[in-house]
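Next come the chains, spelled out residue by residue.
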Amino acid sequence: MTDVIELRPNKSLINSSFEKYQFSSDVVPITLEIKLKRDVYRLEPNPNQESWLEARLFAFHNHLFNNVYDTSCWFIDDDWVVWRLDKSGSLDQVHKLRTTDTSLPKITYNPSMGFTSHQILVISDGGEKLEVLLGNTEENMKVFSLDPVEPGVIMNVQHVKKSSKIIVTMCGIATGNNEKKYTQLTLLSYSLQYSGNEIKNISYVDKQILRVQGTIDYIYVEENGNYVHSICQDNIDFEKEDTQGSETEVKQSDTNVESQLKIPKYYWSQDEDSLTVWIKIPKQHSSKRPKINIKPLELSVVVDNVILIQGECQHRLEEDMATWRQEEDTLQIDLSKYENGLMWSELLKGDTGGECLPNETLAAEIHKRLAHLCTDQQGSGIGEDQPCVGFNSEQLEECDLEGKDNFLQRINLLTRTTTHLARLGSNNHVLFTCKREYGQAVCLRHDHDACVWAVDDDANDDAEWNIKHTHSFPGFGYVEASKTNKKFCVAPIDGSYIAIVEHTRHVFLYNKPDVDAQTAKQRIIDINYETSPIMGVVAMDRYLIILSKDKLYRLEI
């Protein structure tokens, strides 16, 4: 049975008196600037990779990979050379992933890496090649080439010490029978065979395939290897595959989950003289024509004798002014109010099955009032006419009103059931994730703020799932939405700051405010290199590492 949980921030960590991130002229020195021998390897989408899922996967790919176990950073250049920047600032070649380009047509995604200890690194070339590297220098490196795999991007690697195996989680975009593309997760399990304390061989065990109709923002396999955490836009379905490779699709039951979640039957929004209602039509009835009945004080929608909504309206409607249209499985109804200017508190009297969305006018007004949070001018305050760096008055509406609901799930990989589930809604999306030596830190938008949650690694298989709100960045939800050129949002393990990195040139640093502080520092860094795109970033407690196409920068925070 799924335990439906609610992520409630700790009120003592919410700063309601916070006003703004104050521009600071403090210099952030670039203590290291290295000209690369070769450009960073970067693959652009091919003509067949034109879906939104693929565009997103390519656009926000971070080409710089952090080993949290020794604070080193890794990347791959055009010659397929793997480079390592250690904490002392030394950049060294540690491996060459490819010696020939004969199979480059099979490269589907950009290369990726995942770390699970000081000594174990898994690396994918973006095609069928997957390697396990043991060691951290070219001299002591031991390489195991695994069997060809389905192309994907590595999202997580976990060393399951109890059973001496590693689980590699890869993400790719696949095409379903209906020609629609979806996100596919492949969990590959490999056995580590030891001789004494040394790994002598790595062999394939099995794999599990999961699919999601939408994006996946976060994946983590627990240290016990039995549970996976995810944040995505839909429930996860399984495809069963045994060790011989036969696949039988097994659908996870949505009925139990939906019955425990308060998923809205409809959404609605309003302005001064109109209302808009969006209704999800069940797939089995999506081909049927809806019957819409609109009276001055009554609204009902019926499809194939199934009542979707029905009830008495809170106030009067203009029954002859309504229009509707259907796109796939979503029905949109536009209604006119009888009394202009009267704001409704509910669509149907006593009906709790719907959810009200903020309208564009109200959102724009909120933007106007909160724009000072994004200021880049020293001394600017509420109500003062100061410019805001990267602020777009339409960005918040796009962020808040578009997209599906996000779900945080904990799934038992043995029983293939969801044990814990939290509905985050469409607004409270992932701002960043931060891998720790044990467990993960996940930052979620919560209303105006950014809340950081520590997700512990429960290796004892307990039914309890410990998620703790550790600290907050007040007002950062609006700050992040205002940065239209944002490419990366990262933070160090200690949570002392958040960095927003644009596609080129600019970096914005936001210090974590004290609990009762009214302001916090905002610093702007211009690396003054407009022609070269920023391709990767890693945040550490003391340093921010930035990778451009042909340079590597280390900024001292």
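In this text the structure is predicted, and so the values were computed from the model without any measurement.

Q: Any chance you could explain the overall build of the chain here in plain terms?
A: A tally of helices and strands in the chain yields 5 helices and 40 strands. Across the 557 residues that make up the chain, the buried fraction comes to 52%. Counting only contacts in the chain whose residues sit at least 6 apart along the sequence, the fraction spanning at least 24 positions is 58%. A total accessible area of about 26000 Å² is found for the chain, and carbon and sulfur atoms account for 45% of it.

Q: What is the right way to read helix α1 (residues 52-59) from this model?
A: Residue pairs spaced three or four apart in an α-helix point in one direction, given the helix's 3.6 residues per turn. Among the residues of α1, those classed as buried are L53, E54 and F58. Taken down its axis, α1 places every buried residue within 125° of arc, on the same side. Among the structural elements, β13 (165-175) and β14 (181-195) are those in contact with the buried residues of α1.

Q: Quick question: what am I supposed to make of the nonpolar core here?
A: Residues V277, I279 and L347 are the most contacted members of the largest nonpolar core, which totals 20 residues. For this core, the elements supplying multiple residues, two or more each, are β20 (266-270), β21 (274-280), β23 (298-303), β24 (306-312) and β26 (330-336).

Q: Whenever I open this one, the side chain of S482 confuses me. Can you help?
A: On the secondary structure map, S482 appears in helix α5 (residues 476-482). Of the polar contacts made by the side chain of S482, one reaches the side chain of K483; its length is 3.4 Å.

Q: In this structure, what is going on with unusual backbone geometry? I would like to understand it.
A: Excluding glycine, most residues fall at negative phi; most peptide bonds, likewise, are trans. At S164, a residue that is not glycine, the phi angle is positive and equals roughly 55°. In this structure, S164 sits in the loop between β12 (153-160) and β13. On the accessibility criterion, S164 (25% relative accessible area) is partly exposed. Unlike most non-glycine residues, D304 shows phi in positive territory, near 55°. Within the secondary structure, D304 sits in the loop between β23 and β24. Taking relative accessible area as the criterion, D304 reaches 39% and is therefore assigned partly exposed.

Q: Would you mind going over the sheet that holds strand β16 (residues 216-221) with me for this structure?
A: Sheet strands line up and pair through hydrogen bonds in the backbone, either parallel or antiparallel. One open sheet holds the 5 strands; their spatial order is β1-β29-β28-β17-β16, and the pairing between them is mixed. At either margin of the open sheet sits one strand with a lone partner, and together these are β1 (3-4) and β16. Relative to strand β28 (residues 406-412), strand β17 (residues 227-232) is paired through 6 bridges, and the arrangement is antiparallel. Bridge pairing links H229 to R410 in β28.

Q: Just checking my understanding: could you explain the pattern of salt bridges for this structure?
A: Side chains that differ in sign of charge can pair as their charged atoms come close. In total, this model carries 23 salt bridges according to the counting rule given. Linking K200 and E198 is a salt bridge whose minimum nitrogen-to-oxygen distance equals 3.6 Å. One connected set of salt bridges, linked through shared partners, spans K142, E198 and K200.

Q: Is there a simple way to think about the confidence of the model for the chain in this case?
A: Caution applies to low-pLDDT regions: their predicted coordinates should not be interpreted in detail. Summary statistics for the chain give a mean pLDDT of 84 and a share of 85% for residues scoring 70 or more. Every residue in residues 241-261 scores below 50 in pLDDT, and together they form 43 contacts with partners more than four places removed in sequence or on other chains. When the criterion is pLDDT under 50, residues 378-402 qualifies, and its contacts beyond four places in sequence or with other chains add up to 56 contacts.

Q: Looking at this model, I keep getting lost on the sheet that holds strand β31 (residues 440-446). Mind explaining?
A: One open sheet accounts for 4 strands, arranged β30-β31-β32-β33; its pairing is antiparallel. Taken across any chain shown, the strands that pair with only one partner, and hence form the sheet edges, are β30 (430-435) and β33 (467-473). The mean inter-strand angle of the sheet, taken between neighbouring strand axes irrespective of direction, is 25°. Pairing analysis gives 5 bridges linking β30 to β31, with the strands arranged antiparallel. Looking across to β31, one finds that T433 is bridged to V442.

Q: Could you clarify how one ought to interpret the pairing of β20 in this entry?
A: Regular strands show a simple pattern: their side chains alternate between the two faces of the sheet. With 4 of its 5 residues buried, β20 lies for the most part within the structure. The sheet contact formed by β20 and strand β27 (residues 354-356) spans 3 bridges and is parallel. Along β27, the bridge assignment pairs Y266 with G354. Of the pairings in the sheet, the one linking β20 to β21 comprises 5 bridges and is antiparallel in character. Across the sheet, W268 pairs through a bridge with V277, a residue of β21. The loop that links β20 with its antiparallel partner β21 comprises 3 residues.

Conventions used here
- Residues numbered from 1 in each chain as written.
- Predicted model: local features only at pLDDT ≥ 70, side-chain atom pairs only at ≥ 80, totals over all residues.
- Heavy atoms only, no water.
- Helix = DSSP H or I, 4+ residues; strand = E, 2+ residues; numbered from the N terminus.
- Buried < 20%, exposed > 50% of the residue type's maximum accessible area, 1.4 Å probe, protein only.
- Contact = heavy atoms within 4.5 Å.
- Areas by Shrake-Rupley, 256 points an atom, 1.4 Å probe, with all protein chains shown as cover.
- Arc of directions from axis to C-beta.
- Core = buried A, V, L, I, M, F, W, Y, C linked by side-chain atoms within 4.5 Å.
- Polar contact = N/O pair within 3.5 Å; in protein donor to acceptor, adjacent residues only side chain to side chain.
- Pairing = 2+ DSSP bridges.
- Salt bridge = Lys/Arg side-chain N within 4 Å of Asp/Glu carboxyl O.
- pLDDT = per-residue confidence, 0-100.
- Axes fitted to C-alpha atoms, helices over the stretch in contact; angles between N-to-C directions.

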